[in-house]
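# Coordinates in review
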Amino acid sequence: MGEVIGETKSLCPVCLSLVEAQRVVENGQVFLVKECPDHGLFKVPVWDDARYYSEVEHYDHPKVVPQVFKEWEKDAPSKMWDPSQQLQSTCLTVVEVTDGCNLKCPYCFASSDSSKMTNLDMETLRGMFTAVSTKVKKPTVVQISGGEPTIRNDLPEIVAMAKGLKIDFIQLNTNGVRLAKEDGYAGVMKKAGVDSVYLGFDTFDREVWKKICGVDLLDLKLKAVENCRRAGLPIELVPKIIPGLNVDQIGKIIEFAKKNIGIIKGVHFQPISYFGRVPAEPKDENYITIPSLLREIERQTGGEITPDDFIPTGCADVHCDTKCFGFVSEGRFVSLTKMSGKFSPDLDITRTVREGVYGSWGNILAKEAGLLDGDQPMSDKDCGCGTWMGLVKDLTLNALTISAMHFQDAWNIDYGRLRNCCIHEVMPDGRFVPFCLFNASDVRGRAPFRELWCAQNRK
Amino acid sequence: MVNVVITPTVANLLKERGITEANVKETVDYGESTKDKAVLPAEKLNWAVKRIGAATFAVQYKDSGEVTTAFSYKVALKAITDFVSEDKTDWIYAKTNEQMYRIRADMEYIGVVRAASAWGCKSSPTAFIEEFMAIKTIAIAQMLLEKKKGA
Ligand code: SF4
Ligand code: SF4
Ligand SMILES: [Zn+2]
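Treat the numbers as computed from the prediction; the structure is a model and nothing was measured. (Residues numbered from 1 in each chain as written. Chains lettered and ligands numbered in written order. Predicted model: local features only at pLDDT ≥ 70, side-chain atom pairs only at ≥ 80, totals over all residues. Heavy atoms only, no water.)

## Topic: the overall build of chain A
Within chain A, the secondary structure is distributed over 16 helices and 18 strands. Residues counted as buried form 62% of the 459 residues belonging to chain A. In chain A, the proportion of contacts linking residues at least 24 apart, taken out of those at least 6 apart, comes to 69%. Approximately 17,600 Å² of chain A is accessible, and the part contributed by carbon and sulfur atoms is 52%. (Helix = DSSP H or I, 4+ residues; strand = E, 2+ residues; numbered from the N terminus. Buried < 20%, exposed > 50% of the residue type's maximum accessible area, 1.4 Å probe, protein only. Contact = heavy atoms within 4.5 Å. Areas by Shrake-Rupley, 256 points an atom, 1.4 Å probe, with all protein chains shown as cover.)

This is the structure:
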C-alpha cells in the first residue's frame, strides 16, 4: 500500500454504514481505502494527481458554521451521518418537486421514470421554500429539480410561489424536453420567475445520447437552447462526463457555449458519480476526477483553457469543485481566474460564487462596474459603444463560467469533504441534507434519504 | 505650500489602492503650484490630478492639507471631445474661476481608446474623472483589457 496522507470516514457501498477510511497516495494518485467489517475492503480513485490534491488546499476558505443541521439531532440516521459534524452553511439549495420523469435514463441520480409520480403538494413546497428563505443567508438560490420538474403542469405556480417567498435566484434543472417541444414554454418559465436553466447536455453524438439517456436527445437539446434564446432565458449547460462515453465531447461542448455566448452563461461539468440507477457497479476506469477533467479541457481546447485557469471556490470543500470565470472575445475564451495568481479585481470569491451560481459572474462584475441600475442594465445612452462603460458592458455580456463539481457516491465519499458541503437538499419537512448524502445509494440503488423524502410526503 | 496630512484611514486606503505618499505629495504640489486644480469653496476642498509614470493620480484634500481621498487610473487622456455645459457641478476650475461641467474625454489604455465622462471646462486641458468611475468602471475595464491582451 502507498503513503497514507489522511484519515477520514466513508460509507460501505453495500450496507451504507459509516466506516473508517484512509486517503492513500499510490503512483501519484489519491485513493480512498476503507474496510467494512461485513463487506470487505474497498479502494476507489478520488483524485488522479496527488501534488495538485495538496496544492488546492491553499484555497480553503473559512467556513460559516451551519445551524440547520441541529434539526436532525433527535432522529438522524446515525448509521450514515452525524449532522453535528457539518461545518459549512448553505450556498445552494435543491428542492425536488417530483420524482417522476418523461425519460428513463440508464444513469439517473433519482432513479426516475414515468411510473413514479410523487408530486409534492403546494403546501409542502411552500414550507420548503419558506425554510430556505428563513434559514439561508441572502442571496438565496434554489435549484428546482426532480425527477423532471417540467412534467408538472403547475410548475409556473410553483416557481412564482418561490419568488413570492423571496427566493432570489431560481435555477430550473431540466432535461429540456418540454422546453424544446412546447412553443412558448421557455417564456412561461421566464415570466414565472426562473432566472436560469440548468440544462443537461452531454454530447453531440447521437449514439452516445442513446447510451446515456436511452434515446437520441440531440435535436431536442439544440431546440431547447434555441427556445431559451428566443425567450431570453439564460442557460447553464450541465454535461455529466462518463469515461468511455463522452470524455471526447468536452472541447466541443465548450466551443458550443462560446458560439452561443450571451444566452449560455456557463458550462458546469459533472464527472459521473454512481447514485441511484446506474448500469453497473463502478470500477476504477469508470471514474474521471477533477484533475483529468481539467487536462482534457486543456487538450480539447488546444491549450486555450488550461488547468491553471481554474481554482476551487473554497466555498465547498476544495476537492469538491473547481471554477473558472472568463469571457469570450473575438472567438477566444479569456480567463480572469488563475490558480497561479490572484483573482482580480479582488472580488469576494464566495460571494461571487453564491451570486454566480446561476451562471453569470458577468452580472456581478457589471454591477460592480456601476453598469446596473438596480438589477436593470443601464441604457445605451449612458453606456453606449465607444465608452469605457460600453467596453465593460460588451465584455461582461460575453461572460462564461466553466466549472465542475464531482459529486460523491457511496464508493468514493470522503466525509472530510462532506463536512464542508454547501449544496443542500431540502426535505419535505424543511430540514436540510448535504446533497451527496441525500443521493447516496447502495449497490442495489437503495437511497435512504430519498426513501425518507418519499415517506415524508406520504405523511 | 500646503502641508499634506494623511490620516490612518486614508493611509489604509492608499495602501489598498497601491498609491504612495510620494504620489500624493507630487500631485498636491502640482495642483498648488500651477492652480491646475478644481476647488469646492463651500467645503474648502481641492482636487488635483497628475500623470506620474504609467498612471494618473487624483487627490482630494482640504485647504488644511488633510487628504480626504486619492485614487488612480492607468487610462491616459488623449483629448477632450465634448462639452455638455448644461450639466454643471459645484466644482470650480481654480486657474480661471470657471464653474466646471460635464465633458467627454477620450482615454487610451494598451492601444484602446474609449470615452469616459468627467468634469472640466473649455479653458482647461485637464479632465477630472470622478472616483466611482475610476475605481469601478475604469478599473474593471482595465483589468478586462489586460486579460484580453494577455498583459
Ligand atoms: S437523469 Fe434526468 S432526465 Fe434522465 S430519467 Fe433521471 S430525471 Fe429523467
Ligand atoms: S454536493 Fe457533494 S461534491 Fe458538492 S459540495 Fe456537497 S459534498 Fe461536495
Ligand atoms: Zn458494509
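Here the narrative resumes.
## Describing the packing of aromatic side chains
Residues and elements named next belong to chain B. As enumerated under the stated definition, the model contains 18 aromatic pairs over all chains in all. Ring centres of Trp-47 and Phe-128 lie 5.3 Å apart, and the angle between their planes is 75°; on these two criteria the pair is classed as edge-to-face. Of the two residues, Trp-47 is situated in strand 2 (residues 45–52) and Phe-128 in the loop between strand 7 (112–120) and helix 3 (131–148); the sequence distance between them amounts to 81 residues. Judged on exposure class, the residue Trp-47 and its partner Phe-128 are both buried. (Phe/Tyr/Trp six-rings, centres within 6.5 Å; stacked < 30°, edge-to-face > 60°.)

## Observations regarding the domain arrangement of chain B
Residue and element names in this part refer to chain B. Segmentation of chain B into domains returns domain 1 (8–73) and domain 2 (76–149). Distance between the C-alpha centres of domain 1 and domain 2: 16 Å. Contacts between domain 1 and domain 2 engage 18 residues on the former and 21 residues on the latter. Here domain 1 and domain 2 share an interface that buries about 1,700 Å² over both sides, 69% of which is from carbon and sulfur atoms. Sorting the residues of domain 1 by area buried against domain 2 places Asp-36, Trp-47 and Tyr-73 first, and these three jointly supply 37% of that buried surface. (Domains from an automatic or database assignment. Buried area = accessible area lost by both parts, 1.4 Å probe.)

## Considering the sheet that holds strand 4 (residues 67–73) of chain B
Residue and element names in this part refer to chain B. Spatially, the seven strands line up as an open sheet ordered 4-3-2-1-5-6-7, and their pairing is antiparallel. With partners counted over all chains shown, the strands left at the sheet margins are strand 4 and strand 7, one partner each. Pairwise comparison of adjacent strand axes, ignoring direction, gives a mean angle of 15° for this sheet. Pairing analysis gives four bridges linking strand 1 (residues 37–40) to strand 2, with the strands arranged antiparallel. (Pairing = 2+ DSSP bridges. Axes fitted to C-alpha atoms, helices over the stretch in contact; angles between N-to-C directions.)

## Quick word on the site of ligand 1
Inspection of the region around ligand 1 gives A:Cys101, A:Leu103, A:Lys104, A:Cys105, A:Tyr107, A:Cys108, A:Ser112, A:Gly147, A:Asn175 and A:Arg277 as its neighbouring residues. When grouped by side-chain class, the residues that make up the shell around ligand 1 number five nonpolar, three polar and two charged. (Near = heavy atom within 4 Å. Nonpolar A, V, L, I, M, F, W, Y, C, P; charged D, E, K, R; others polar.)

## Some thoughts on the sheet that holds strand 3 (residues 29–36) of chain A
Residues and elements named next belong to chain A. Read from one edge of the open sheet, four strands run 1-2-3-4, paired in antiparallel fashion. Edge positions in the open sheet fall to strand 1 (3–11) and strand 4 (40–47), since each of these has one partner strand only. Here the average twist between neighbouring strands, direction ignored, is 25°.

## Remarks on the interface of chain B and chain A
On the side of chain A, 21 residues touch chain B, which itself brings 20 residues to the contact. Summed over both partners, the interface of chain B with chain A buries about 1,800 Å², with 71% contributed by carbon and sulfur atoms. In terms of surface lost to chain A, no three residues of chain B exceed B:Arg114, B:Leu144 and B:Lys147, which account for 35% of the buried area on that side. For B:Lys148, the salt bridge is made with A:Glu330, and the minimal N-O distance between the two is 3.3 Å. (Salt bridge = Lys/Arg side-chain N within 4 Å of Asp/Glu carboxyl O.)

## Some thoughts on the coordination of the zinc ion (ligand 3)
Residues and elements named next belong to chain A. On the protein side, the zinc ion (ligand 3) has Cys-12 (SG), Cys-15 (SG), Cys-36 (SG) and His-39 (ND1) as donor atoms, found 2.2 to 2.3 Å from it. Every donor counted, the four donor atoms about the zinc ion (ligand 3) form angles of 99 to 117° at the centre, which fits tetrahedral coordination. Counting the intervening residues between successive donors of the zinc ion (ligand 3) yields the motif C-x2-C-x20-C-x2-H. Of this pair, Cys-12 sits in the loop between strand 1 and strand 2 (18–26) while Cys-36 sits in strand 3, and the two are 24 residues apart along the sequence. A relative accessible area of 3% places Cys-36 in the buried class. (Donors = N, O, S within 2.8 Å, 3.2 Å for Na, K, Ca; no water. Tetrahedral: all angles 85-135°; square planar, octahedral: opposite > 155°, others 65-115°.)

## Section: the packing of helix 5 (residues 185–192) of chain A against helix 7 (residues 218–231) of chain A
In a pair of packed helices, the angle between the axes and the distance between the axes together describe the arrangement. Residues and elements named next belong to chain A. The geometry of helix 5 relative to helix 7 is characterised by a closest axis approach of 8 Å and an angle of 50° between their N-to-C directions. The angle between the axes of helix 5 and helix 7 places the two elements in the oblique class. Relative to helix 7, the crossing made by helix 5 is right-handed. Side by side, helix 5 and helix 7 meet where Ala-186, Gly-187 and Lys-190 of the first sit next to Asn-227, Cys-228 and Ala-231 of the second. (Parallel < 35°, antiparallel > 145°, perpendicular 65-115°, else oblique. Left-handed = near helix turned anticlockwise from the far one by under 90°.)

## A short note on the site of ligand 2
Taken together, A:Ala316, A:Cys320, A:Met405, A:His406, A:Phe407, A:Gln408, A:Arg417, A:Cys421, A:Ile423, A:Phe435 and A:Cys436 make up the full set of residues adjacent to ligand 2. Split into classes, the residues belonging to the shell around ligand 2 amount to eight nonpolar, two polar and one charged.

## Re the pairing of strand 4 of chain B
All names here are of chain B. By the criterion of burial, strand 4 is predominantly enclosed, with five of the seven residues buried. Two elements, strand 3 (residues 55–62) and strand 4, share six bridges in a ladder whose sense is antiparallel. Residue pairing across strands places Tyr-61 opposite Val-67, the latter belonging to strand 4. In this structure, the hairpin formed by strand 3 and strand 4 is closed by a connection of four residues, where Gly-65 is found at a positive phi of approximately 100°.

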